[in-house]
Amino acid sequence: MLRIPVTLILLFFLSAQTLRAQEEIDRSLPEFSFDRLDLAGEMHFLASDFLAGRRTGAVGNEIAAEYIAAQLRGFGYKPINSADSSFFQTVPLRRVQPPESAHVTIGGSEFDLSGDLLMVRGPEASADASVVFANYGWVDPETDHDDYANLDVEGKIVVTRAGLPGDPGQQAVFRGIQEKAEMAAAAGAVALFEIYSLPFPWNAFRNYLGGERLSISAGESATIPYGFIKFSDDAVKRLQTAEGDTEGSVASTGMRIDRMDSRNVGGVLRGSDPALQDEYLLMTAHFDHVGVGKQGGGYFSDADSIFNGARDNAIGTISLLAAARAFAEKPPRRSVIVLAVTGEEMGLLGSKYYADNPLIPLEQTVFNFNTDGGGYNDTTAISLIGSNRTGIDEQVEKAAAAFGKRVIMDPAPEQGLFDRSDNVSFAAMGVPALSFTPGFDDFDDEILKYYHQVTDNPETINMQYLKEYCQIFTLAARLIANRDVVPFWNEGDKYEAAGQSLYGTGK
Ligand SMILES: [Zn+2]
């Protein structure tokens, strides 16, 4: 009897399966004939020096917005804003410029902006006051935690540890920045300073937080002078163990707050299947970047001070427009919202504003497919941030395979990337959401060479890879929009409950 090795039989079935999977995809779809030169042209425009890093609130950002709107209009999309028949959603913002000068004394030590003092906010102030250590300076009614409970801080300068009770990590520090000053002000303090203790260099932290800050208009307000001090270890010990009052003072001038607007840009395309047209796939990319010179937060020189943002996120914006163009030519079954958001670099502001003020009801928005990235170091792959959570991995793998690429699932988990991109604004509302990004496996030197650097220029982009990235993004989005069943959060996911309440149970 002829015996065929089992592995051979397996191989036969496997390759037949791969073939079938590829056969199902119609290679006459527009994404199979994307033009590398078209996409390269768009890259050289969006990441041009003349758009000056597309900073939220600056003219380069507005020009990019106008360009995206003009493209959507040209593709035949319906304006997303039915109130004024425009492709724009105005995002009202508040801009806080940190103080020009500040001086703090604590006990015998003096701190200045040029040294160990960072002011995050600093309304005009001048006070001599005693200094009190208030542990984390945290109040949480739900757990009955109140660091001010047995402490008199009325009229005093409060010093706290950075972070949240039991959690001195980066995320906790940033959450504290949003909320602690208000807690201290509510307890009667005249100023709050946190003890800097994060493991990265003080200067990097100071550059990151010491510049202009934007928030959605209704958000953060200026209450009391607030910042960080890099204390020596003994100074901290002296404060914590002080008996009686430590004398101190705080003076700060020159903080400015003003209102400004920026704009999200969007268009809508009807799906081809009458039964599914009222369900929308929301595709997003942020088109803003960090600007020029000091605004950029990284190294710059006279020779090059423009943070062009070719990778971050001209690549994503171009892939969004490429998908929009392909869908206009051959619409998927479900309807599509194409949304380019502003303010991502300033704290996911545009996506947050849209999620709170959607122009198409969120309960009809079945999925958010975000395209965003800090760079790539593997052009044989694309990466997925948030894999194995919403059931769409199969569509992404199929799309990647159709263009001969593989998928890297959730690279660099220590970076917490899911929570650092616009997808999280929609996830928080319950919409299944994730980010599609260029291929990378780690934040290595190849990524850091360009990530938020003036070197992130169009000339350094592999345009062939840009094309393939756009093709895979488009096909993956199409396959998701064409699914028989809408995606949903896996059982037990952090956002499952939000999804159930958004769509009603039984979905
Ligand atoms: Zn960025």
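Residues numbered from 1 in each chain as written. Predicted model: local features only at pLDDT ≥ 70, side-chain atom pairs only at ≥ 80, totals over all residues.

Asks: In this structure, what is going on with the environment of Asp-144? I would like to understand it.
Replies: Within the element layout of this structure, Asp-144 appears in the loop between strand 7 (139-140) and strand 8 (145-146). Considering only alpha carbons, one finds Asp-144 and Arg-311, 167 residues apart in sequence, at a separation of 45 Å. (Helix = DSSP H or I, 4+ residues; strand = E, 2+ residues; numbered from the N terminus.)

Asks: Can you help me understand unusual backbone geometry in this one?
Replies: Across the chain, the bulk of peptide bonds are trans and the bulk of non-glycine residues have phi less than zero. Cis rather than trans, the peptide bond between Asp-312 and Asn-313 has omega equal to 5 degrees. One non-glycine residue, Asp-410, lies in positive phi territory at about 45 degrees. Its place among the elements puts Asp-410 in the loop between strand 21 (406-409) and helix 10 (423-427).

Asks: Please explain the pairing of strand 2 (residues 88-97) as it appears in this structure.
Replies: Regular strands show a simple pattern: their side chains alternate between the two faces of the sheet. In the sheet, strand 2 pairs with strand 14 (residues 256-269) via 10 bridges, with the strands oriented antiparallel. Bridging from a neighbouring strand, Gln-89 pairs with Asn-264 of strand 14. The pairing of strand 2 with strand 11 (residues 213-216) spans 4 bridges and is antiparallel. Directly across from Arg-95, in strand 11, lies its bridge partner Leu-214. (Pairing = 2+ DSSP bridges.)

Asks: What am I meant to see in the packing of helix 2 (residues 36-46) against helix 7 (residues 310-329) here?
Replies: Two elements in contact, helix 2 and helix 7, have axes separated by 10 Å at closest approach and are oriented at 135 degrees. The angle between helix 2 and helix 7 falls in the class oblique. When you trace helix 2 past helix 7, the crossing you get is right-handed. On helix 7, the residues that touch Leu-39, Glu-42, Met-43 and Leu-46 of helix 2 are Ala-310, Ala-314, Thr-317, Ile-318, Leu-321 and Ala-322. Of the residues contributing to the contact of helix 2 with helix 7, the split by class is 8 nonpolar, 1 polar and 1 charged. (Axes fitted to C-alpha atoms, helices over the stretch in contact; angles between N-to-C directions. Parallel < 35°, antiparallel > 145°, perpendicular 65-115°, else oblique. Left-handed = near helix turned anticlockwise from the far one by under 90°. Contact = placed C-beta atoms within 7 Å. Nonpolar A, V, L, I, M, F, W, Y, C, P; charged D, E, K, R; others polar.)

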